[in-house]
Amino acid sequence: MSDLGREVEARLRTQVVARPLVFRPAIDSTSTLARQLAEQGASHGTAVLAGTQTAGRGRRGRTWTPFPGRHVFTSVILRPLLPPGRVPELTLLAAAAVADALRAVGAIPRIKWPNDVELDGRKACGILSEMNTDAAGRVVSVILGIGVNVECDASDIPDELRDRATSVRASIGRAVSAADVAAQLYESLEGWLERHAGEGYFPVLEAVRTESATIGFDVRATLGEREIIGRAIDLDPTGALLVRDATGTMHRIVAGDVERVRRS
Ligand code: BTN
């Protein structure tokens, strides 16, 4: 195990998440390996962590390209006792866990619905949840892929992304360790998974509402060919985003790209 893997192991205070922790200095995608391990029977909580990725995957076929420096590229195998329709709850749960971890290292995170965590209005973390079901449609595993930009300066971020992307170090203006962020993240994730199993989705939604970078803002939601512009009002009990357009019509957004827009 290289330094990052060892450093994270030394900091781990979890019982389930990242037990075991599979570390690779470099890999194509932690989510690809996690999926293979899940197919081979890896247990709930198994985490793959990489020093870098050569083919990191983002949502909607996008790529997740590493910036220079040490960051968190991880995929956690979950075996939730949930019907497929409730699996999207785990994406916002992961966002709440990332937000907790970033707060613990001194940052001020905001959750951008449905799967990003921002610092200073710029993306510092992306989350990609992938569900695997059996022939009967039951959930066999969920791979929670999480990328957090940690140890780079704003000047390390390509010019074309600098107004949209940031890192923890760039945001808080001092040194921060990717190992600390990863260990905190696994601990927060374990806490949120326990709470979700015991209390349901409501506490996750409350955390997301409190730290939302979306609710209360004017947004453009792109749903395939369709576009909805309006004010993001709230989340409904399923985690869908409620957007009221200029005519007063309320739209329930369950998936899609949502960007803040300037009020006209
Ligand atoms: C997005 O914002 O589109 C989601 C990005 C998710 C990136 C992470 S990095 C670790 C894990 N492995 C991957 O290949 N993707 C996720």
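Please read these numbers as outputs of a predicted model, since none were measured by experiment.

Student: It is not clear to me how the sheet that holds strand β11 (residues 250–253) should be interpreted in this structure. Could you clarify?
Tutor: Backbone hydrogen bonds are what pair the strands of a sheet, in a parallel or an antiparallel way. Ordered by their spatial adjacency, five strands build an open sheet running β11-β10-β9-β8-β12, and the pairing between neighbours is antiparallel. Among the strands making up the open sheet, the edge pair consists of β11 and β12 (257–260). Neighbour to neighbour, the strand axes of the sheet diverge by 40 degrees on average, direction disregarded. Bridge count for strand β8 (residues 218–223) against β12 is four bridges, and the pairing is antiparallel. If you follow arginine 220 over to β12, its bridge partner there is glutamate 259.

Student: Help me understand the site of the ligand in this model?
Tutor: Around the ligand, the structure places 20 residues, and the nearest of them are Ser29, Thr30, Arg57, Arg59 and Lys123. The side chain of glutamine 53 places a nitrogen or oxygen atom 2.9 Å from a nitrogen atom of the ligand. Taking arginine 59, its main chain carries an N or O atom lying 2.7 Å from an oxygen atom of the ligand. Taken by itself the ligand offers 410 Å² of open surface, and the protein chains cover 98% of this. Where the shell around the ligand is concerned, the elements lending two or more residues are α2 (30–39), β3 (70–78), β6 (122–133) and β7 (139–151). Residue contributions to the shell around the ligand peak at four residues, all from β6. For the shell around the ligand, the residue count by class is five nonpolar, eleven polar and four charged.

Student: Help me understand the environment of glycine 41, please; the structure alone is not making it clear to me.
Tutor: Relative to the helices and strands, glycine 41 is located in the loop between α2 and β2 (47–53). The class for glycine 41 is exposed, based on a relative accessible area of 53%.

Student: Even after reading the chapter, I still don't get the sheet that holds β7, so can you show me in this structure?
Tutor: Read across the open sheet, the seven strands follow the order β1-β2-β3-β7-β6-β5-β4; overall the sheet is mixed. Two strands in the sheet have a free side with no partner beyond their single neighbour: β1 (21–27) and β4 (109–112). Across the sheet, the mean angle from the axis of one strand to that of its neighbour is 20 degrees, orientation sign disregarded. One ladder, built from six bridges, connects β1 with β2; its direction is parallel. Bridging across to β2, valine 22 finds its partner in valine 48. Sitting on the sheet, helix α5 (residues 178–199) is in contact with β1, β2, β3 and β7, with an inclination near 25 degrees to β3.

Rules used in this analysis
Residues numbered from 1 in each chain as written. Predicted model: local features only at pLDDT ≥ 70, side-chain atom pairs only at ≥ 80, totals over all residues. Heavy atoms only, no water. Pairing = 2+ DSSP bridges. Helix = DSSP H or I, 4+ residues; strand = E, 2+ residues; numbered from the N terminus. Axes fitted to C-alpha atoms, helices over the stretch in contact; angles between N-to-C directions. Near = heavy atom within 4 Å. Polar contact = N/O pair within 3.5 Å; in protein donor to acceptor, adjacent residues only side chain to side chain. Areas by Shrake-Rupley, 256 points an atom, 1.4 Å probe, with all protein chains shown as cover. Nonpolar A, V, L, I, M, F, W, Y, C, P; charged D, E, K, R; others polar. Buried < 20%, exposed > 50% of the residue type's maximum accessible area, 1.4 Å probe, protein only. Contact = heavy atoms within 4.5 Å.

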